[in-house]
Amino acid sequence: MFSLRGCGRWVAASLAKQHLPPARLRGDSAAPWAPHYDVVVVGGGHAGTEAAAAAARCGSRTLLLTHRVDTIGQMSCNPSFGGIGKGHLMREVDALDGLCSRICDQSGVHYKVLNRRKGPAVWGLRAQIDRKLYKQNMQKEILNTPLLTVQEGAVEDLILTEPEPEHTGKCRVSGVVLVDGSKVYADSVILTAGTFLRGMIVIGLEMHPAGRLGDQPSIGLAQTLEKLGFVVGRLKTGTPPRIAKESINFSILNKQTPDNPSIPFSFINETVWIKPEDQLLCYLTHTNPRVDEIILENLHLNSHIKETTKGPRYCPSIESKVLRFPNRIHQVWLEPEGIDSDFIYPQGLSVTLPAELQEKMITCIRGLEKAKMIQPGYGVQYDYLDPRQITPSLETHLVQRLFFAGQINGTTGYEEAAAQGVIAGINASLRVRRKPPFVVSRTEGYIGVLIDDLTTQGTNEPYRMFTSRAEFRLSLRPDNADSRLTFRGYKEAGCVSQQRYARASWMKSSLEEGISVLKSIEFSSSKWKKLIPEASISMGKVVSLRALDVLKYEEVDLELLAKAVPEPLKKYTECRELAERLKIEATYETVLSYQQQEIKDIQRDEALQLPEDLDYLTLRDVSLSHEVREKLHFSRPQTIGAASRIPGVTPAAIVNLLRFVKTIQQRQAAMNELPKSDQCLCDTDRLEERQL
């Protein structure tokens, strides 16, 4: 165990069973024997834990700084993970060997796949999670991760040095200053501050500084970022009250049962930890006109709802719903918070009225007439940084080696935070090793869609992931996230374990083999109809059909097909996941071929890289309006494709920029072809081009 004094309270250091190299120590006149890590992660929430674990998996000595170790893995708001779009993110985080999916498989109390009425491309894996179990399992994982040290302490400032000349940025981060004045040096720093940057909690007309209930906000760090020149915005969110379970009349409410069998989040798990019959139920109730009356009559006592700061559009407070959609009833899901918890979380009832009015409102709702409120709902207002100030690797434009992940970038939700965390952790580690960044494009994953939306368009309200945000939904499915990302994560980033890589390789080869076999089995439609009478095969015209074509019928699955043709199909039914994925591949076979061509067209645009040091404000030889120059200068897109998605950048500007980039490439290619003896004649040209 390795510990240092004078840096807050050192709670844990690399509890791994093996002997690990300690953090480097450095002499400094102001801070003798100050520790030096490869990567420092600030914040122990869902982005911070994923970032720290990812950096450590990549081989970097990593320090996770958090206000309190006992809050690592805390689910501050809803007791659930996943959903439509969010479940896709979780699968992709898992494909990169992230933590949250595996921890959810060990901690859930109610597993259900949403959107089943639609195709599998937009199914949403979701689970109610036991808060206590999730936190315990996450802390166990984090505190036993090799190369990862955990320390309690609040960060007050950043240590800055001269920038690296080969990269853009006004300076370079080289560590952090804690609230007690002690320093920790690092080659890369990741900020995952959540709602702590100048956070303020609001109940009714009362306001007090806090990042979340019971935790102090981060004031000094917010001021530092503002002084550095980062564009800072303000957002708000909220959480519902908590209700005593025994005070609710569940007998008159609609109940929702879990799936049987339950589908795990993680690719490496075949089942979840709890049987379907042992899982907890959820219940549905609704608001009514009396709820609307209480809210409308007391708006003058609610400072949070009157605040002009933008709140979440897709998870609004009950006050916002009443104001935006008058005279409507709204769903309220009563969700359990754990196996042995007496708390019920009323999803859809986020409210910031004074506590006594919250209780009055709750008792107007069916089934909650005698409900007892254990904790009032409250609002949180906090600073975020315009995400157009970061690159697709999540490194900032202004400060080299400084990365942002999570709500600091304007997102909302555990899943969005986790997705950014794993990417920031990977890239912070790669930056230390001077390797190319690991970037997921929007043609490769929902993580790519999330980051591309943030870095090109920004956001002025809490950003939430939906399947509708992705152009290539049929290709970016929950079932194939491993084939899209695991191999890249293993080869390019080194963040994927050998075990996961081996499983993904087996699944890939099994799918290819299975599809090949299904294509090779071919009978007439009449014979298929005799073999599988359940299939709605048309008998109007006798045609030849492959087994893969028959598997496309909704009522046909691989088990039914294998009964008709036991050899060689029976072996593909032995693994549930493989059988389901073969069915999905068959379902989308035709449309995927068209979508793959569209993806190739997009990837051609993405391949056209823009020079990193391009100064759009002073750029000559290209016709761009002043407005377009300002937008390009602020967002600093890395490709022509990214530039085309920035609002306000016109198609004409893209054409002109494309011509300019191609001209640069042609000149560069011509110079590269010159004999070495003649290259000295081009020094002036090279200098001018570098300046350009």
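Since the model is a prediction, treat every value here as computed from it, not as a measurement. (Residues numbered from 1 in each chain as written. Predicted model: local features only at pLDDT ≥ 70, side-chain atom pairs only at ≥ 80, totals over all residues. Heavy atoms only, no water.)

Colleague: Would you explain the packing of helix 3 (residues 100-107) against helix 4 (residues 131-143) in this entry?
Modeller: Packed helices, taken two at a time, are described by the angle their axes make and the gap between the axes. Taken N-terminus to C-terminus, the directions of helix 3 and helix 4 make an angle of 135°; their axes are 9 Å apart at the nearest point. Taken together, the axes of helix 3 and helix 4 lie oblique to each other. Crossing of helix 3 over helix 4 shows right-handed handedness. Contacts from Cys100, Arg102, Ile103, Cys104, Gln106 and Ser107 of helix 3 reach helix 4 at Leu133, Tyr134, Asn137, Met138 and Glu141. Split into classes, the residues belonging to the contact of helix 3 with helix 4 amount to six nonpolar, three polar and two charged. (Axes fitted to C-alpha atoms, helices over the stretch in contact; angles between N-to-C directions. Helix = DSSP H or I, 4+ residues; strand = E, 2+ residues; numbered from the N terminus. Parallel < 35°, antiparallel > 145°, perpendicular 65-115°, else oblique. Left-handed = near helix turned anticlockwise from the far one by under 90°. Contact = heavy atoms within 4.5 Å. Nonpolar A, V, L, I, M, F, W, Y, C, P; charged D, E, K, R; others polar.)

Colleague: Looking at this structure, how should I read the domain arrangement of the chain?
Modeller: The accessible area lost on association of the parts is a frequent measure of interface size. Segmentation of the chain into domains returns domain 1 (36-237 + 382-492), domain 2 (242-378), domain 3 (514-606) and domain 4 (608-669). Taking the mean C-alpha position of each, domain 3 and domain 4 sit 45 Å from one another. (Domains from an automatic or database assignment.)

Colleague: Sorry, what's going on with unusual backbone geometry here?
Modeller: Peptide bonds are mostly trans, and most non-glycine residues show a negative phi. In this structure, proline 261 follows asparagine 260 across a cis peptide bond, with omega equal to 5°. Mapped onto the fold, proline 261 is located in the loop between strand 16 (254-256) and strand 17 (282-286). Looking along the chain, the bond that leaves glutamate 567 and enters proline 568 is cis, with omega of 15°. Inspection of the secondary structure puts proline 568 in helix 17 (residues 566-569). Even without being glycine, arginine 434 reaches a positive phi, approximately 55°. Note that arginine 434 resides in the loop between helix 10 (414-432) and helix 11 (446-457). When its relative accessible area of 59% is taken as the criterion, arginine 434 is described as exposed. (Buried < 20%, exposed > 50% of the residue type's maximum accessible area, 1.4 Å probe, protein only.)

Colleague: For this particular structure, what's the right way to read the packing of helix 13 (residues 498-520) against helix 18 (residues 576-587)?
Modeller: Following both chains from N to C, one finds helix 13 and helix 18 inclined at 50°, their axes separated by 10 Å at the closest point. When the axes of helix 13 and helix 18 are compared, the pair comes out oblique. Judged by the twist between their axes, the crossing of helix 13 over helix 18 is right-handed. Counted together, Arg503, Trp506, Met507, Ser510, Leu511, Gly514, Ile515 and Leu518 of helix 13 and Glu577, Leu578, Arg581, Leu582 and Glu585 of helix 18 form the full contact between these two elements. Taken together, the residues of the contact of helix 13 with helix 18 sort by class into seven nonpolar, two polar and four charged.

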